[in-house]
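# Working through the structure, step by step
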Amino acid sequence: MSSEKREYAPINPPERILMAPGPCNLHPAVQRAAIAPLMGHMDPVLFQIMDDTVDLLRYAFQTENGLTLVFPGTGGAGMSGSFMNVVEPGDRVVVGVGGVFAGRMVDVASRLGADVKVVETPWGTAVDPEAMRQAIRQHQPKVVAVVHGETSTGVEQPLAEIGQIAHEHGALYLVDTVATLGGVDVPVDKLDIDVCYSGSQKCLGAPPGLAPVTFSERAVEVMRNRKTKTLDWYLDASMLEKYWNKERVYHHTAPVLMIYTLREALRIVYEEGLEARFTRHRRCAEALVAGLQAMGLKLFADPAVRLVSVTSVVVPEGVDDGKVRAGLLNEYGIEIAGGLGAYRGKMWRIGVMGYSAQPKNILLLLAALETMLRRQGFKVPDGAGVAAAEMVLG
Ligand SMILES: *Cc1c(COP(=O)(O)O)cnc(C)c1O
């Protein structure tokens with residue numbers, strides 16, 4: 001550093017309309033929670049907030065599971081922590097893969113020393129339960145894993161049948177609900193999911209930084225009977241549990257402000273009610289889909305398994321992905337996401353999540369996108385997107 005003292009202005013982030021697949025905008029009450037006074041991580045007042053958080057998480061997960069807590073870290077910590085606590089080196093794991101996030105599961109489980117078998121499906125489609133049945137029969141895994149909302153493709157994986165098959169063969173059922181919990185139905189107990197993790201910043205509507213998780217009795221039994229210690233100290237649920245339950249044994253300096261925001265986001269989920277929340281997300285997604293199609297855009301995912309919380313759109317031939325997204329961001333303050341992996345530059349991914357899932361945001365995005373597309377020479381019938389969305393919104 002030079003000896004001359006430089007001026008650093010206070011940060012001044014602009015207001016954005018967040019319509020990528022997370023993070024989403026914060027409800028004002030959640031935003032306020034982020035600036036509430038800090039407490040220590042062993043403060044009894046914080047413990048009450050943590051207890052409420054766990055209660056409310058059971059509501060969101062639709063579960064009675066005792067072992068329900070929050071991993072410090074983003075959705076990725078949820079993924080690592082979930083696998084790490086039930087997998088030991090040499091264990092067999094079957095993963096259904098149709099996109100980046102399920103692919104990441106394969107990487108995570110492999111790094112833990114698991115013997116991972118992959119059942120692949122083309123991007124844009126859901127994993128076939130019959131293919132999973134074959135693999136499970138053949139490999140007799142300890143864990144069967146799928147991603148509920150595959151954010152990279154906009155596919156919602158049907159969960160019931162694969163879970164049933166997993167249990168017929170004595171395996172644990174592990175499901176990623178990072179992109180769905182709080183926006184799409186995730187009935188953990190009804191579906192008999194054994195390990196279910198999520199992330200704070202998607203449909204739950206909190207900032208990024210925490211990963212809720214819930215473990216069934218069956219999963220807890222497996223964890224209690226481990227032959228080896230959980231590979232990483234930090235995400236060992238048996239130790240985290242002692243901080244999150246009544247024992248209150250210090251484990252890490254909890255991200256207190258993040259816990260406030262998650263608690264408030266979950267309060268809002270509870271106040272709105274899950275059914276009303278799912279309906280709001282669905283209605284916004286349907287309006288978005290109708291609008292995009294009316295503009296002549298092609299959607300990517302198989303319509304039979306289209307995900308409500310993320311809509312994937314094919315970038316039309318001759319349209320510059322980067323210019324469109326930069327225009328949306330710089331001129332309208334709207335963020336949407338591009339494609340991942342092989343679909344970089346070829347796909348848009350639009351999030352309909354949490355507080356961002358509002359009719360006014362859908363209408364503004366469609367209007368803005370029309371302008372951007374026209375600028376790129378892509379012909380859009382005048383106002384067609386907004387008109388079609390308004391028909392759905394009524
Ligand atoms: C976003 C996402 C993740 C990763 O979450 P981070 O918060 O980015 O670590 C994992 N799985 C799915 C399905 C996601 O959408």
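About the criteria used
- Residues numbered from 1 in each chain as written.
- Predicted model: local features only at pLDDT ≥ 70, side-chain atom pairs only at ≥ 80, totals over all residues.
- Heavy atoms only, no water.
- Helix = DSSP H or I, 4+ residues; strand = E, 2+ residues; numbered from the N terminus.
- Contact = heavy atoms within 4.5 Å.
- Polar contact = N/O pair within 3.5 Å; in protein donor to acceptor, adjacent residues only side chain to side chain.
- Near = heavy atom within 4 Å.
- Areas by Shrake-Rupley, 256 points an atom, 1.4 Å probe, with all protein chains shown as cover.
- Nonpolar A, V, L, I, M, F, W, Y, C, P; charged D, E, K, R; others polar.
- Core = buried A, V, L, I, M, F, W, Y, C linked by side-chain atoms within 4.5 Å.
- Buried < 20%, exposed > 50% of the residue type's maximum accessible area, 1.4 Å probe, protein only.
- Pairing = 2+ DSSP bridges.
- Salt bridge = Lys/Arg side-chain N within 4 Å of Asp/Glu carboxyl O.
- Phe/Tyr/Trp six-rings, centres within 6.5 Å; stacked < 30°, edge-to-face > 60°.
- Expected span 1.5 Å × (residues − 1).
- Domains from an automatic or database assignment.
- Buried area = accessible area lost by both parts, 1.4 Å probe.
- Axes fitted to C-alpha atoms, helices over the stretch in contact; angles between N-to-C directions.
- Parallel < 35°, antiparallel > 145°, perpendicular 65-115°, else oblique.
- Left-handed = near helix turned anticlockwise from the far one by under 90°.

Before going further, it helps to spend a moment on the environment of N25. Considering the arrangement of structural elements, one finds N25 in the loop between β1 (17–18) and α1 (28–34). For the pair N25 and A206, spaced 181 residues apart in the sequence, the C-alpha separation amounts to 8.2 Å. In this structure N25 touches R16, I17, L18, G205, Y355 and S356, once residues within four positions along its chain are discounted. A polar contact of 3.0 Å, which involves the side chain of N25, links it to the backbone nitrogen of L18.

Another aspect to go through is the site of the ligand. Near the ligand, the surroundings consist of 13 residues, among which T74, G76, T151, Q201 and K202 are the closest. Interatomic distance of 2.3 Å between a side-chain N/O atom of T151 and an oxygen atom of the ligand. Q201 places a side-chain nitrogen or oxygen 2.7 Å from an oxygen atom of the ligand. The protein chains hide 88% of the 380 Å² of surface that the ligand would expose on its own. Where the shell around the ligand is concerned, the elements lending two or more residues are α3 (75–86) and α4 (100–111). Here the residues of the shell around the ligand are counted per class, giving four nonpolar, six polar and three charged.

Let us now look at the nonpolar core. F83 and F215 are the most contacted members of the largest nonpolar core, which totals 89 residues. Residues within four places of F215 in sequence aside, it is in contact with N65, L67, F71, N85, D194, V195, V220, M223 and A237. If you look at the next biggest cluster of nonpolar residues, it comprises 33 residues, including V289, L292, V319 and W348.

Summarising burial for strand β8 (residues 172–176): five of the five residues are buried, a large majority. The side-chain alternation of β8 yields two buried faces, one formed by L172, L174 and D176 and the other by Y173 and V175. Two strands pair when backbone bridges link them, and strand β5 (residues 143–147) and β8 are joined in this way by five bridges, in the parallel orientation. In the sheet register, V146 faces β8, and the bridge partner there is V175. In terms of strand pairing, β8 meets strand β9 (residues 195–197) through three bridges, oriented parallel. Considered in β9, the bridge of V175 is made with C196.

Right, let's get into the pattern of salt bridges. If you walk through the whole model with that rule in mind, you get 23 salt bridges. Where R111 meets D107, a salt bridge forms, and the shortest distance between an N and an O atom there is 2.8 Å. Of this pair, R111 and D107 both sit in helix α4, separated by four residues, roughly a single helical turn. Taking the relative accessible area as the measure of exposure, R111 reaches 65% and is therefore exposed. Residue classification places D107 among the partly exposed positions, given a relative accessible area of 38%. For R218, the salt bridge goes to D192, with nearest N and O atoms at 3.1 Å.

So, on to the packing of aromatic side chains. If you walk through the whole model with that rule in mind, you get six aromatic pairs. When the ring of F47 is compared with that of Y243, the centres are 6.3 Å apart and the planes differ by 75°; the resulting orientation is edge-to-face. Placement of the pair is F47 in helix α2 (residues 44–61) and Y243 in helix α9 (residues 237–244), with a sequence separation of 196 residues. Like F47, the residue Y243 is buried in the burial classification. Chaining the aromatic ring pairs together yields one cluster made of F47, Y243 and W244.

This paragraph deals with helix α13 (residues 359–375). If you check α13, its first and last C-alpha atoms are 25 Å apart, about what 17 residues at 1.5 Å a residue would give, namely 24 Å. Tucked inside the fold, the buried residues of α13 contact β1, α11 (274–294), α12 (321–332), β13 (334–335), β15 (347–351) and α14 (384–393). Downstream of α13 by a residue or two, G377 has a phi angle that is positive, lying close to 85°.

What follows deals with the domain arrangement of the chain. For the chain, the assigned domains are domain 1 (28–271) and domain 2 (273–393). The distance between the C-alpha centroids of domain 1 and domain 2 comes to 28 Å. Residue-level contacts link 31 residues of domain 1 with 23 residues of domain 2. Counting the surface lost from both domain 1 and domain 2, the interface buries some 2,100 Å², and carbon and sulfur atoms represent 66% of this.

The mixed open sheet is built from seven strands, whose spatial order is β2-β10-β9-β8-β5-β3-β4. The open sheet has two free edges, formed respectively by β2 (67–72) and β4 (115–120), since each of these has just one partner strand. When strand polarity is set aside, the average angle formed by the axes of neighbouring strands in this sheet is 20°. Looking at chain direction, β2 and strand β10 (residues 210–215) are connected through six bridges and run antiparallel. Within the sheet, the bridge partner assigned to V70 lies in β10 and is P212. Against the sheet, α4 touches β3 (92–97), β4, β5, β8 and β9, its axis set at about 165° to β3. On the sheet, helix α5 (residues 129–139) packs against β3, β4 and β5 and is oriented at approximately 170° with respect to β3.

What follows concerns the packing of α12 against α13. A packed helix pair is summarised by two numbers, namely the angle formed by the two axes and the spacing between the axes. Direction vectors running N to C along α12 and α13 enclose 125°, while the axes themselves pass 10 Å from each other. In terms of orientation, α12 and α13 fall into the oblique class. The crossing of α12 and α13 is right-handed. When α12 is examined against α13, the residues V324, G327, L328, E331 and Y332 are found in contact with a partner set consisting of L364, L365, A368, L369, T371, M372 and R375. Of the residues belonging to the contact of α12 with α13, the class tally is eight nonpolar, two polar and two charged.

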